[in-house]
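Here's the letter readout for the chains.
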Amino acid sequence: MTTSQQDRDQILRDALASRGHRYTEQRAAVFHFLAVSRSHPTAEDVFVGVREDVPGISLATVYKSLEAIVGCGLAHKLSFGDGSARYDGNPDPHYHARCVGCDQIVDIHVDPRRGALESMVPGPTGFRVTDYHIELTGYCADCSSG
Ligand SMILES: [Zn+2]
Ligand SMILES: [Zn+2]
């Protein structure tokens, strides 16, 4: 079953309220755009996408909305080594691989509870891993076959 727009709206309202953020139509539009997008858009992509539904929204508002939504844990910000950032509204745990040929982001699904990475940081350090961000780079199927 897919989450309806109404359900998503309630999830957003609750999450924003729990962090002391206000629910706004702009934030809702940004959240809905992220939730249905699987292309890991940049802030500019989100801006272009939501501008159709929310005329007059500014890029600055999109940036602030994205920060609020990421701050609530409803989306992930993927920061890359070159300073660029993409946004991901997919709540399922997964890794990302970026194609250096066409710049698309490919989702890599693994079960993090299987603990491959956590188990690489064992006892003596006393470090407890709660989250991690990995940047895999290479060539996607399209670019490899070219
Ligand atoms: Zn590619
Ligand atoms: Zn993703």
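About the cut-offs
- Per chain, the residues get numbers from 1 upward, laid out in the order the sequence is written.
- The lettering of chains begins at A and the numbering of ligands begins at 1, in the order of writing.
- Local features are withheld for residues below a pLDDT of 70 in this predicted model, meaning they are given only at 70 or higher, and side-chain atom pairs are given and counted only at 80 or more; totals for whole chains, interfaces and linings count all residues.
- Where side-chain values are given, they derive from all heavy atoms of the structure, hydrogens and water being excluded.
- Sodium, potassium and calcium take a 3.2 Å donor cutoff, other metals 2.8 Å, and in both cases only N, O and S atoms count; water is not among them, so sites may look incomplete.
- Square planar and octahedral assignments, for four and six donors respectively, both demand that opposite donors be over 155 degrees apart and that all other angles lie between 65 and 115; tetrahedral needs four donors with all angles between 85 and 135 degrees, and anything else is irregular.
- A 1.4 Å probe rolled over the protein chains alone gives each residue an accessible area, and that area as a share of the maximum for its type sets the label: buried under 20%, exposed over 50%, partly exposed in between.
- Aromatic contacts are taken between Phe, Tyr and Trp rings whose centres are within 6.5 Å, Trp giving its six-membered ring; a plane angle under 30 degrees counts as stacked, one over 60 as edge-to-face, and the others as tilted.
- The criterion for a charge sitting over a ring is simple: Lys NZ or Arg CZ within 6 Å of the ring centre, and within 35 degrees of the ring normal.
- To form a nonpolar core, buried Ala, Val, Leu, Ile, Met, Phe, Trp, Tyr and Cys residues must be joined to one another through side-chain atoms within 4.5 Å.
- Secondary structure follows DSSP: runs of H or I at least 4 residues long count as helices, runs of E at least 2 residues long count as strands, and numbering of each begins at the N terminus.
- Residues count as neighbours in contact if any of their non-hydrogen atoms are within 4.5 Å of one another.
- Only protein atoms enter the 1 Å grid, on which a cavity is a set of points fitting a 1.4 Å probe that cannot get out and a pocket is an open set with protein on both sides within 12 Å along at least 5 of 7 lines, lining residues being those with an atom within 4 Å of a point.
- Grid points are joined across faces, edges and corners, and a volume is the space filled by probe spheres set on the points.
- Residues are grouped as follows: nonpolar covers Ala, Val, Leu, Ile, Met, Phe, Trp, Tyr, Cys and Pro; charged covers Asp, Glu, Lys and Arg; every other residue, Gly included, is treated as polar.
- Expected helix span is taken as 1.5 Å per residue step, with the number of steps being one fewer than the number of residues.
- What the arc describes is the spread of directions from the helix axis to the C-beta atoms.
- Here, a strand pair is defined by DSSP locating no fewer than two bridges between the strands.
- Angular values range over 0 to 180 degrees, each being the angle between N-to-C directions of two axes fitted as lines to C-alpha atoms, with helices fitted over their stretch in contact.

## Let's talk about the coordination of the zinc ion (ligand 1)
Then, in step 1: Distances from the zinc ion (ligand 1) to its protein donors, namely Cys99 (SG), Cys102 (SG), Cys140 (SG) and Cys143 (SG), fall within the range 2.3 to 2.4 Å.
Then, in step 2: Around the zinc ion (ligand 1) sit 4 donor atoms; with metal-centred angles ranging over 103 to 113°, the donor geometry is tetrahedral.
Then, in step 3: The motif formed by the donor residues of the zinc ion (ligand 1), counted along the single chain, is C-x2-C-x37-C-x2-C.
Then, in step 4: Taking the relative accessible area as the measure of exposure, cysteine 99 reaches 1% and is therefore buried.
Then, in step 5: For cysteine 102, a relative accessible area of 39% puts it in the partly exposed group.

## Examining the coordination of the zinc ion (ligand 2)
Then, in step 1: Within the protein, the atoms that donate to the zinc ion (ligand 2) are His40 (NE2), Asp88 (OD), His94 (NE2), His96 (NE2) and Asp107 (OD), at distances of 2.0 to 2.2 Å.
Then, in step 2: Along the chain, the residues donating to the zinc ion (ligand 2) fall in the pattern H-x47-D-x5-H-x1-H-x10-D. Both residues of the pair, aspartate 88 and histidine 94, count as buried.

## With respect to the packing of aromatic side chains
Then, in step 1: In total, this model carries 0 aromatic pairs according to the counting rule given.
Then, in step 2: Directly above the ring of tyrosine 23 sits arginine 13, whose terminal nitrogen or CZ lies 3.8 Å from the centroid.
Then, in step 3: Its end group placed over the ring of phenylalanine 47, arginine 51 keeps NZ or CZ at 4.8 Å from the ring centre.

## Remarks on the nonpolar core
Then, in step 1: Ranked by internal contacts, the top residues of the largest apolar core, which has 22 residues, are Leu12, Val46, Val50, Val62, Leu66, Ile69 and Leu74.
Then, in step 2: Elements supplying a minimum of two residues to this core: helix H1 (5-18), helix H2 (25-36), helix H3 (43-51) and helix H4 (59-71).
Then, in step 3: In terms of residues, this core owes the most to one element, H2, which gives 5 residues.
Then, in step 4: Residues in contact with leucine 74, not counting those within four places in the same chain, are Ile11, Leu12, Ala15, Phe31, Ile69 and Gly89.

## A closer look at the layout of surface pockets
Then, in step 1: Estimated volume of the second largest pocket: approximately 290 Å³.
Then, in step 2: Taken together, the elements giving at least two residues each to the lining of the second largest pocket come down to H1 and H2.
Then, in step 3: Residues that form the lining of the second largest pocket fall into these classes: 5 nonpolar, 4 polar and 3 charged.

## Some remarks on H1
Each full turn of the α-helix corresponds to 3.6 residues, which orients residues three or four apart in the same direction.
Then, in step 1: The terminal C-alpha atoms of H1, which comprises 14 residues, lie 20 Å apart, in line with the 20 Å expected from a rise of 1.5 Å per residue.
Then, in step 2: Among the residues of H1, Arg8, Asp9, Leu12, Ala15 and Leu16 are the ones counted as buried. Viewed end-on, H1 has its buried residues packed into an arc of 135°, placing them on one side of the element. In H1, those exposed residues whose orientation departs by more than 90 degrees from the buried face are Gln6, Ala17 and Ser18.
Then, in step 3: For H1, the secondary structure elements touched by its buried residues are H2 and H4.
Then, in step 4: Two residues or fewer past H1, glycine 20 is found with a positive phi of approximately 75°.

## A closer look at the sheet that holds strand S3 (residues 95-99)
Then, in step 1: The strand order across the open sheet formed by 3 strands is S4-S3-S5, and the pairing between neighbours is mixed. Single-partner strands in this sheet number two, and they are strand S4 (105-108) and strand S5 (135-138). Averaged over neighbouring strand pairs, the angle between their axes works out to 30° when direction is ignored.

## Comments concerning the environment of valine 54
Then, in step 1: Along the chain, valine 54 falls in the loop between H3 and H4.
Then, in step 2: According to the relative accessible area criterion, valine 54 is buried, its value standing at 10%.
Then, in step 3: Separated by 29 residues in sequence, valine 54 and glutamate 25 have C-alpha atoms that sit 8.1 Å apart.
Then, in step 4: For valine 54, the residues in contact, after removing those within four places along its chain, are Gln26 and Ala29.

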